[in-house]
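# Structure assessment
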Amino acid sequence: MAHPRRAVHALVALSAATFCYVTTEVLPIGLLTLIAPDLGRSRSEAGLLVTGYAVVVMIVALPLTRVTRRVPRRPLLAGTLGVFAAATTVSAFADSYQVLLAARLVSATTNGVFWAVVFPVAISMFPANVRGRIVARLSIGNALGPVLGVPLGTWLGGEFGWRAAFAAMAVLGFAVCLAIALLLPSVTPRQSAEDIGPMPDRQRFVVLLVATTLAVTGAMGAFTYMTVFLLDVSGFAAASLGLLLFVQGSFGVVGTWAVGRVLDRFPLGVVLGLLGLLTAAMLGLYGIGASKVAAIPLLAVAGMSFSSLIAGIQHRIMQVAPSTTDMASASLSVAFNVGLAAGSLIGAGLLATAGVRVVPLFGGLLTAVALALLAGHEMSRGRRRANGTARRDPDPQPIGQSAVHA
């Protein structure tokens, strides 16, 4: 473990890095109407700046994580941030769609490696009994991306041009890169049994990945078109959308912080409970979302439960990782991006054919399936254990143990 004060400062820098990645990945969504005409492209082509990014992450996350598995973590994280910041700088000065897309895809190649190692590195700096809390604190940067980063980037783009938003993220990226290089303790990866989760279980790991893909597909299918739902179904004025999305995002930040206080004691219960809340909120929006009075608290619950769920799943995936925790985290990154791309695609199809009213129903049904899959698997394990046929979990070992030197 690192010195406590240095570890806290390094954790803040790592959380800022997660903010940079989340914000920059989805930043073009708020800038589509500015980028498309400036570069002479349609809005759908500009949308490929987000879709293509996710596809690259899905393709390269696992192989690049394997290739870099023996690289010391401080230079690896600083290097990924450096490439990210350089690519984002190129994005800010791109004079053609091809250059902007290429820069985005280069940035995406670092995304999978970053998410694979950032959580194992963060928890290696703290005692084992607070690692759930550390995962949640680190995840606050993720949650702040949609509620703070994207709105500010959209505002910058509207005031000073879309390139200004990318320039701001490049400057922040370089600053975070320097902070990580200075603050992060030296972390040497070990390819040994100490790198696996404390409860390695391949079946649990696979089921959790499948459930994550289902849940993210459902949630992102609904969230991508939530503004359309709020306008056409709930009847809110367009001027209210910014405040409503702020409510959704801010509850996500608060929920992520709060979950950290119980995640170490109830890792599985937190995931199941948040899936239940997310399902109830989605189905509630479908059932009574036409009421403005009902839509606002349901939107807040949906935002809180989804953001918190990401932290809960990240913590759980490292507990049951059957191989190294960085490969487990890379697999989770792939599952999340598959869900993101599939959700937005299916949501678009539903919007065009059945109307926006059914999009939350689709989301709620998928999250319900994810909940049933996880709960059913655990109940099945319990029955087998009661019959003496299930393998007992091994005693907990340190998650992602690494050699850390102050």
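Quick caveat: nothing in here was measured; it's all calculated off a predicted structure.

Here the focus is the overall build of the protein. Looking only at helices and strands, the protein has 13 helices and 2 strands in total. Relative to the globule expectation of 22 Å for 406 residues, the C-alpha radius of gyration of the protein, 21 Å, shows essentially globular dimensions. When the backbone C-alpha atoms are referred to their principal axes, the protein occupies close to 55 × 45 × 35 Å. Evaluated residue by residue, the protein yields a buried proportion of 53% over its 406 residues. Put simply, of all contacts in the protein between residues at least 6 apart along the chain, 87% involve residues at least 24 apart. Just so you have it, the protein exposes about 16300 Å², and 69% of that area is on carbon and sulfur atoms. With 28 positive and 14 negative side-chain charges, the protein shows a separation of 7 Å between the mean positions of the two kinds.

At a minimum axis distance of 9 Å, the contact between helix α5 (residues 131-160) and helix α11 (residues 292-319) shows a crossing angle of 135 degrees. The pairing of α5 with α11 is recorded here as oblique in orientation. The interaxial crossing formed by α5 with α11 has right-handed handedness. Note on element contacts: α11 touches α5 through S307, A311, Q314, H315 and M318, opposite R131, G132, V135, A136, S139 and A143. The residue makeup of the contact of α5 with α11, split by class, is 5 nonpolar, 5 polar and 1 charged.

What follows is about the pattern of salt bridges. Two side chains bearing opposite charge may form a pair once their charged atoms approach each other closely. In this structure the tally under the stated criterion is 4 salt bridges. In this structure, D38 engages R163 in a salt bridge whose closest nitrogen and oxygen atoms are separated by 2.9 Å. With a gap of 125 residues between them, D38 in helix α1 (residues 4-38) and R163 in helix α6 (residues 162-183) connect regions that are remote in the sequence. For R163, a relative accessible area of 28% corresponds to the partly exposed category. As a salt-bridge pair, D201 and R381 come within 2.8 Å of each other at their nearest N and O atoms. With D201 in the loop between β1 (186-188) and α7 (202-224) and R381 in helix α13 (residues 359-386), this pair connects stretches of sequence that are 180 residues apart. With respect to burial, D201 and R381 carry one shared label: buried.

A few words on the packing of aromatic side chains. Per the stated rule, a full pass over the model turns up 7 aromatic pairs. For the pair Y21 and F114, a centre-to-centre distance of 4.4 Å together with 25 degrees between the ring planes defines the contact as stacked. In this pair, Y21 is assigned in helix α1 and F114 in helix α4 (residues 97-124), connecting sequence segments 93 residues apart. Note on accessibility: Y21 and F114 belong to one class, buried. On the basis of an interplanar angle of 85 degrees and a centroid distance of 6.1 Å, the ring pair of W155 and F160 is categorised as edge-to-face. Under the relative-accessibility criterion, F160 is labelled exposed at 59%. Aromatic ring contacts, followed pair by pair, group Y21, F84, F114, W115 and F119 into a single cluster.

Attention now goes to a nonpolar patch on the surface. Nonpolar side chains collect at one region of the surface, where V206, V210 and L373 lie side by side and expose about 210 Å² of accessible area between them. On the secondary structure map, V210 appears in helix α7. Judged by relative accessible area, which is 40%, V210 ranks as partly exposed.

Attention now moves to empty space enclosed by the protein. Under the criterion given, the structure shown has 2 cavities of 30 Å³ or more. In this structure, the second largest cavity occupies an estimated 60 Å³ of space. Lining the second largest cavity, in full, are R204, V207, L208, L268, R316, V320, L374 and E378. Those elements that provide at least two residues to the lining of the second largest cavity are α7 and α13. The greatest single-element share of the lining of the second largest cavity, amounting to 3 residues, is contributed by α7.

This next bit is on the nonpolar core. If you look at the biggest cluster of nonpolar residues, it comprises 102 residues, and the most contacted ones within it are L14, L77, L81, I180 and F223. Looking at this core, the element that brings in the most residues is α4, giving 13 residues. Contacts of F223, omitting those with residues within four sequence positions, involve Q248, L278, M282, A302, G303 and F306.

Position of E25 relative to the elements: it lies in helix α1. The residues contacting E25, other than those within four sequence positions of it, are V50, Y53, R104, N111, N337 and L340.

Further remarks concern α7. Three- or four-residue spacings in an α-helix give side chains the same orientation, since the helix completes a turn every 3.6 residues. The terminal C-alpha atoms of α7, which comprises 23 residues, lie 32 Å apart, in line with the 33 Å expected from a rise of 1.5 Å per residue. Between a side-chain oxygen at the N-terminus of α7 and the backbone nitrogen of Q203 the separation is 3.1 Å; the capping residue is D201.

Time to look at α11. With 28 residues, α11 should cover 40 Å at 1.5 Å per step; its first-to-last C-alpha distance of 41 Å lies within 8% of that length. Counting buried positions over the 28 residues of α11 gives 21, a clear majority of the element.

So, on to the side chain of Q314. Within the secondary structure layout, Q314 lies in helix α11. The contacts of Q314, once residues within four sequence positions are left out, are F119, V135, S329 and L332.

Right, let's talk about the confidence of the model for the protein for a bit. For the protein, the average pLDDT comes to 87, and 92% of its residues sit at 70 or higher. Per-residue pLDDT stays below 50 along residues 390-406; that stretch engages in 53 contacts with residues further than four places along the chain or on separate chains.

Cut-offs used in this document
Residues numbered from 1 in each chain as written. Predicted model: local features only at pLDDT ≥ 70, side-chain atom pairs only at ≥ 80, totals over all residues. Heavy atoms only, no water. Helix = DSSP H or I, 4+ residues; strand = E, 2+ residues; numbered from the N terminus. Rg over C-alpha atoms; globule rule 2.2 N^0.38 Å. Buried < 20%, exposed > 50% of the residue type's maximum accessible area, 1.4 Å probe, protein only. Contact = heavy atoms within 4.5 Å. Areas by Shrake-Rupley, 256 points an atom, 1.4 Å probe, with all protein chains shown as cover. Lys, Arg positive; Asp, Glu negative; His and termini not counted. Charge placed at Lys NZ, Arg CZ, Asp CG, Glu CD. Axes fitted to C-alpha atoms, helices over the stretch in contact; angles between N-to-C directions. Parallel < 35°, antiparallel > 145°, perpendicular 65-115°, else oblique. Left-handed = near helix turned anticlockwise from the far one by under 90°. Nonpolar A, V, L, I, M, F, W, Y, C, P; charged D, E, K, R; others polar. Salt bridge = Lys/Arg side-chain N within 4 Å of Asp/Glu carboxyl O. Phe/Tyr/Trp six-rings, centres within 6.5 Å; stacked < 30°, edge-to-face > 60°. Patch = residues over 30% accessible without salt bridge, like charges linked within 9 Å, V, L, I, M, F, W, Y side chains within 5 Å. 1 Å grid on protein atoms, 1.4 Å probe; cavity = no way out; pocket = protein on both sides within 12 Å on 5 of 7 lines; lining within 4 Å. Points joined across faces, edges and corners; volume = space filled by probe spheres on them. Core = buried A, V, L, I, M, F, W, Y, C linked by side-chain atoms within 4.5 Å. Expected span 1.5 Å × (residues − 1). Polar contact = N/O pair within 3.5 Å; in protein donor to acceptor, adjacent residues only side chain to side chain. pLDDT = per-residue confidence, 0-100.

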